[in-house]
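Take a look at the letters that make up each chain.
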Amino acid sequence: MRKDFSIDSFEEITLKGYVWSPDGTVLKAMVVLAHGMAETIERYDAFANFLSDHGYGIIGVNQRGHGPEAQMLGYLGEKGWSKMKEDLKHIVDYVKNTYDDIPVFIMGHSMGSFLVRDFIISYSYLVDGVILSGTGYPDKISLKLGQWLAAKDVKKHGDKHVSTLIDSIAFKNYNKKIKDAKTSFDWLSSDSTMVQAYIDNPYCGQIHPSSFFLEFSNGLYQLLYHPDYSNFKDGLPMLIFSGEGDPVGNYSKGVNLAAKKYDALKFDVKKILYPEGRHEMLNEVNRKQVFEDVVEWLDEINN
């Protein structure tokens, strides 16, 4: 069962989304979901319905700069990254106040995975487990270059300017390992139907303004290279899954590094790499297996 849901974000905008809940069965846990860049929460409907069929609720909104309510697609506003992080806390607080005595998990895909990783630096004590999809570990040089280019463009043209150069630098190599790629988004999934649905969606795939890349690269640099790890909850369960062919995870290298880092920080890490899978494992040809793997992990943690 899906119901509309919304939150007020810093008295600036209303973020709209959904709550998916089991129909007629006991609620095992709630999963707070943060979607990726240049997409919408509606794209997770099949996954959310699968979870609800297995007793799990899921809740998520179209984040700042995303979805039909966005002032400008990709525009996060001043301090947008930190506000998205606090929006996640707002949703987690809502879940904990609304659903008594059930576990709360937090999940993020791609951009959302990095946002969740930032969230748990400050708020890991609020959740019972973490799920990361399509994450990675960008190197310092790439992030510094992104910061410099985006800051320069914003200073010259303003925070709503769209730079095709910056977008090209960010994504131009993502299809490089795909033979006979038919679209610029083939790196998302090997399922051409899902790729075309993404292309046809008016709220997906847009070039974002330079201020987005500035907020994102600044947030990632702080998260990955200057974090404060003092608040992590020891033994917090974490599931990391990715396709071995995902360029965001540097074809498993970045995923492996992230898993290694969290293992060293005493997270209880389980990592799944899917052979021949690409960036969006929830939209891959074997997505049913991925759905089942997520539910199996949730059941293991809950038992």
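How each quantity is defined
Residues numbered from 1 in each chain as written. Predicted model: local features only at pLDDT ≥ 70, side-chain atom pairs only at ≥ 80, totals over all residues. Heavy atoms only, no water. Pairing = 2+ DSSP bridges. Helix = DSSP H or I, 4+ residues; strand = E, 2+ residues; numbered from the N terminus. Axes fitted to C-alpha atoms, helices over the stretch in contact; angles between N-to-C directions. Buried < 20%, exposed > 50% of the residue type's maximum accessible area, 1.4 Å probe, protein only. Right-handed = clockwise from strand over helix to strand, strands pointing away. Phe/Tyr/Trp six-rings, centres within 6.5 Å; stacked < 30°, edge-to-face > 60°. Lys NZ or Arg CZ within 6 Å of the ring centre and 35° of its normal. Contact = heavy atoms within 4.5 Å. Salt bridge = Lys/Arg side-chain N within 4 Å of Asp/Glu carboxyl O. Patch = residues over 30% accessible without salt bridge, like charges linked within 9 Å, V, L, I, M, F, W, Y side chains within 5 Å. Areas by Shrake-Rupley, 256 points an atom, 1.4 Å probe, with all protein chains shown as cover.

Per an unreviewed UniProt entry, the protein goes by the name Alpha/beta hydrolase and belongs to Fusibacter bizertensis.

With that settled, the discussion passes to the sheet that holds strand β3 (residues 29-34). Across the sheet, 8 strands lie side by side as β1-β2-β4-β3-β5-β6-β7-β8; this open sheet has mixed pairing. Edge strands, defined here as strands with exactly one partner in the open sheet, are β1 (2-9) and β8 (268-274). Across the sheet, the mean angle from the axis of one strand to that of its neighbour is 20 degrees, orientation sign disregarded. Direction of pairing for β3 relative to strand β4 (residues 56-61): parallel, over a ladder of 4 bridges.

Moving on to the pairing of strand β6 (residues 129-133). The buried fraction of β6 is high, at 5 of 5 residues. Residues G129, I131 and S133 line one face of β6 and the alternating positions V130 and L132 line the opposite face, and both faces are buried. As judged from the 5 bridges shared by strand β5 (residues 104-109) and β6, these two strands associate in the parallel manner. Looking at β6, one finds that M107 is bridged to I131. Following the chain from β5 across helix α3 (residues 111-123) to the adjacent parallel β6, one finds a crossover that is right-handed. Pairing of β6 with strand β7 (residues 237-243) involves 4 bridges; the strand directions are parallel. Of the residues in β7, the one forming a bridge with S133 is F241.

This paragraph deals with the packing of aromatic side chains. In the structure shown here, the tally under the stated rule is 20 aromatic pairs. Centroid distance F212 to F213: 5.6 Å. Interplanar angle 90 degrees. Geometry classified as edge-to-face. The pair F212 / F213 is uniform in exposure class, with both members buried. An aromatic cluster is defined as three or more aromatic residues linked by ring pairs; in this entry it consists of W81, F114, F212, F213 and F216. Between the NZ or CZ atom of R2 and the centre of the ring of Y18, over which it lies, the distance is 3.9 Å. A cation over a ring is seen here: K177 above Y251, with NZ or CZ 4.1 Å from the ring centre.

Structurally, L51 can be placed in helix α1 (residues 45-53). We classify L51 as buried; its relative accessible area is 1%. Between the C-alpha atoms of L51 and R278, which are 227 residues apart in sequence, the distance is 22 Å. With residues near it in sequence (within four places) discarded, L51 still touches V31, Y56, I58, V295 and L298.

A few words on the pattern of salt bridges. Under the definition given, this model contains 10 salt bridges. Close ionic contact of R64 with D87 constitutes a salt bridge, the shortest N to O distance being 3.8 Å. Placement of the pair is R64 in the loop between β4 and α2 (80-98) and D87 in helix α2, with a sequence separation of 23 residues. For R64, a relative accessible area of 4% translates into the label buried.

We now examine a nonpolar patch on the surface. A contiguous nonpolar patch, built from L145, W148, L165 and I169 and spanning about 400 Å² of accessible area, is present on the exposed surface. Of all the secondary-structure elements, those providing two or more residues to the nonpolar patch are α4 (140-157) and α5 (164-171). Assignment of secondary structure puts L165 in helix α5.

It is worth spelling out the pairing of β4 at this point. Of all 6 residues making up β4, 6 are buried, and the element is well covered by its neighbours. Neither face of β4 is exposed, since Y56, I58 and G60 on one face and G57, I59 and V61 on the opposite face are all buried. Between β3 and its parallel partner β4, the chain crosses via α1, and the hand of that crossover is right-handed.

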